[in-house]
Amino acid sequence: VRQQKIRNFCIIAHIDHGKSTLADRILEFTGALTSREMQEQVLDQMDLERERGITIKLQAVRLTYKADDGEEYILNLIDTPGHVDFTYEVSRSLAACEGALLVVDAAQGIEAQTLANVYLALDNDLEILPVINKIDLPSADPDRVKQEIEDVIGLDASEAVHASAKAGIGIKEILEQVVQKVPAPTGSPEEPLKALIFDSHYDPYRGVIVYVRVIDGSIKAGSMIKMMATGKTFEVIEVGAFKPRMSIVDELNVGDVGFIVAGIKSVGDTRVGDTVTDAKRPTAEPLPGYRKINPMVFCGLYPIETSDYNDLREALEKLQLNDASLSFEPETSSALGFGFRCGFLGLLHMDVIQERIEREFNIPLITTAPSVIYRVTLTNGDQMQIDNPSHYPEIGKIDYVEEPYVKAGIIVPNDYVGAIMELCQAKRGEFINMEYLDTTRVTITYEIPLSEIVYDFFDQLKSSTKGYASFDYEISGYRRSNLVKMDILLNGEQVDALSFIVHKDRAYHRGRAICEKLRELIPRQMFEVPIQASVGTKVVARETVKAMRKNVLAKCYGGDISRKRKLLEKQKEGKKRMKQVGNVEVPQEAFMAVLKID
Ligand code: GDP
Ligand code: MG
């Protein structure tokens, strides 16, 4: 039967270990694409993704492969996002598979996201097939990496394929292993429809395209389906598969991976992890593991030009159609005017959205420093969730405050253990444990406040280990902390968009550092601008931006006109990123300055 010939698998790897390259080779090898088509890396579609070398949207491709046993197999290759912000989406796409290719760089060995992904694959009971990639590199040491996989992960690596995705070595062997070792889907064609949503995207012509894996039953055009978590029902217009282009098929059956089009208007109705069932003959129970994902990191987005406000709202609405984890609501700042408070899964997600707004929608933005959600319990017993520091209650009204912590796993060469510990300690981390991976590398686990991770942790981790550290984290829960709000005053006026939350023990140090940083960032004005940092009414630090000495244009009097024009244009350029706050011109960087200190 057809079901016995289906293999659903994904590729998991630490970033840069060659997942996308291997996926491309597999597409090429199975004839899904010619090498010319290949050039536009099909599995990473968006520009931003390609530039950053990350995969944000999950993709699923149906391939046919004639194996050495003479049989033709249907291989569904599901691509997973490669960044810590998207752990939940990774876990749902793994849940759509029976097997995973574990790609490990033959020169680098196991890294933090290798481990994180392996744990997710094990949670989903996947058959894991190790692949040692980049064996073409002179520094490749496949035997050491095999040993590491056995020792650290406890997988049998004796049959690991030695591959080079770049040179096209080992591809056939990998596909043979997929056919032989990954189990065919179980599940029953007679049972009511049960399908897992592992991704969706918004298409302006057809509405939401829902990516599903059929667990039981079947689905075809005309059937009424129901999303079990959201309770919404839809009539199926068409079903199909990505081959890799979208192609309509008559039916999706047990074990199949494909898409559903059903006139759905927003991806919010098709939550990743939700179960699709037959509206008339529903399945008894939804699939396990569904979670509504909540944004963890918030920041304010303000148009530099006030007149862009409506365009910004439209841009956010459009992006949200395609991204259920993006949240936004209107917000006003006395310093920045009208804008939006936006919620993201993590820092990368935040970066991607900001960049898309600026690039695709052409709206220059001022963004405020990211904040996590603080839980504040007031002395009168009320509880508040604070995602904007300027809404932090007065100290006197607060009973206690809790902040989110993450469990961070960091892998580094032995030589950098000291540097990592120093960094984590500086970030208020609590040491959990340290284990040797082999004789040269260790994995270190810390619990660290999420807010400290948000503040420049990645960059500092990279610079203090010359780029050798790899890092992964998951939210571990809320803990009480002694936190205060720090306000910044420019020219005597409090600038709400510059307020931030800080641990009491560090308030003095941070206050001084931020004042110094702001003094560097704020250009001289016609008058002197005092900068103050205060906690409550107490000023903890003060700096001054001296008044401008002379008009920059004065230099040009009598000079040639083109030079003068250039100067004016340059000033205009600079202005784009300036915001008038009271009577002080403040550059965009100032609002992010708090991230760049310590
Ligand atoms: P991903 O982040 O896991 O998707 O990794 P990519 O597929 O984007 O590859 C990261 C980098 O490694 C790219 O520059 C690839 O060209 C390179 N790469 C991938 N596979 C190989 C390989 O087998 N050998 C060598 N030498 N480089 C490779
Ligand atoms: Mg990739």
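Given the structure is predicted, the values throughout are model-derived calculations rather than measurements.

Quick look at helix α5 (residues 112-123)
Taking 1.5 Å per residue, twelve residues should reach 16 Å; α5 reaches 17 Å between its end C-alpha atoms and fits that length. Summarising burial for α5: nine of the twelve residues are buried, a large majority. When α5 is considered as a whole, its buried residues turn out to be Ala112, Gln113, Thr114, Leu115, Ala116, Asn117, Val118, Leu120 and Ala121. Just downstream of α5 lies Asp125, where phi reads positive at about 55 degrees.

As for the site of ligand 1
The environment of ligand 1 is made up of 16 residues, and the closest members are Asp16, Lys19, Ser20, Thr21 and Asp136. Lys19 is positioned such that a nitrogen or oxygen atom in its backbone is 2.7 Å from an oxygen atom of ligand 1. Between ligand 1 and Ser164, the relevant distance is 3.1 Å, taken from an oxygen atom to a side-chain nitrogen or oxygen of the residue. Relative to its free-state accessible area of 580 Å², ligand 1 is covered by the protein chains to the extent of 78%. Of the residues contributing to the shell around ligand 1, the split by class is three nonpolar, eight polar and five charged.

Description of the pairing of strand β10 (residues 224-227)
Side chains Ile225 and Met227 of β10 all project onto a buried face; the interleaved residues Met224 and Lys226 project onto a face where none is buried. As judged from the three bridges shared by β10 and strand β11 (residues 233-235), these two strands associate in the antiparallel manner. Paired with Lys226 across the strands is Thr233, a residue of β11. In this antiparallel pair of consecutive strands, β10 and β11, the connection spans five residues, and Gly231 shows a positive phi of 75 degrees.

Description of the confidence of the model for the chain
Across the chain, the average pLDDT comes to 88, with 90% of residues at or above 70. Note on residues 48-58: pLDDT is under 50 here. Beyond four places in sequence and across chains, it has 44 contacts. Confidence metrics for the complex model read pTM 0.81 and ipTM 0.99.

The rules we used
Residues numbered from 1 in each chain as written. Chains lettered and ligands numbered in written order. Predicted model: local features only at pLDDT ≥ 70, side-chain atom pairs only at ≥ 80, totals over all residues. Heavy atoms only, no water. Helix = DSSP H or I, 4+ residues; strand = E, 2+ residues; numbered from the N terminus. Expected span 1.5 Å × (residues − 1). Buried < 20%, exposed > 50% of the residue type's maximum accessible area, 1.4 Å probe, protein only. Near = heavy atom within 4 Å. Polar contact = N/O pair within 3.5 Å; in protein donor to acceptor, adjacent residues only side chain to side chain. Areas by Shrake-Rupley, 256 points an atom, 1.4 Å probe, with all protein chains shown as cover. Nonpolar A, V, L, I, M, F, W, Y, C, P; charged D, E, K, R; others polar. Pairing = 2+ DSSP bridges. pLDDT = per-residue confidence, 0-100. Contact = heavy atoms within 4.5 Å.

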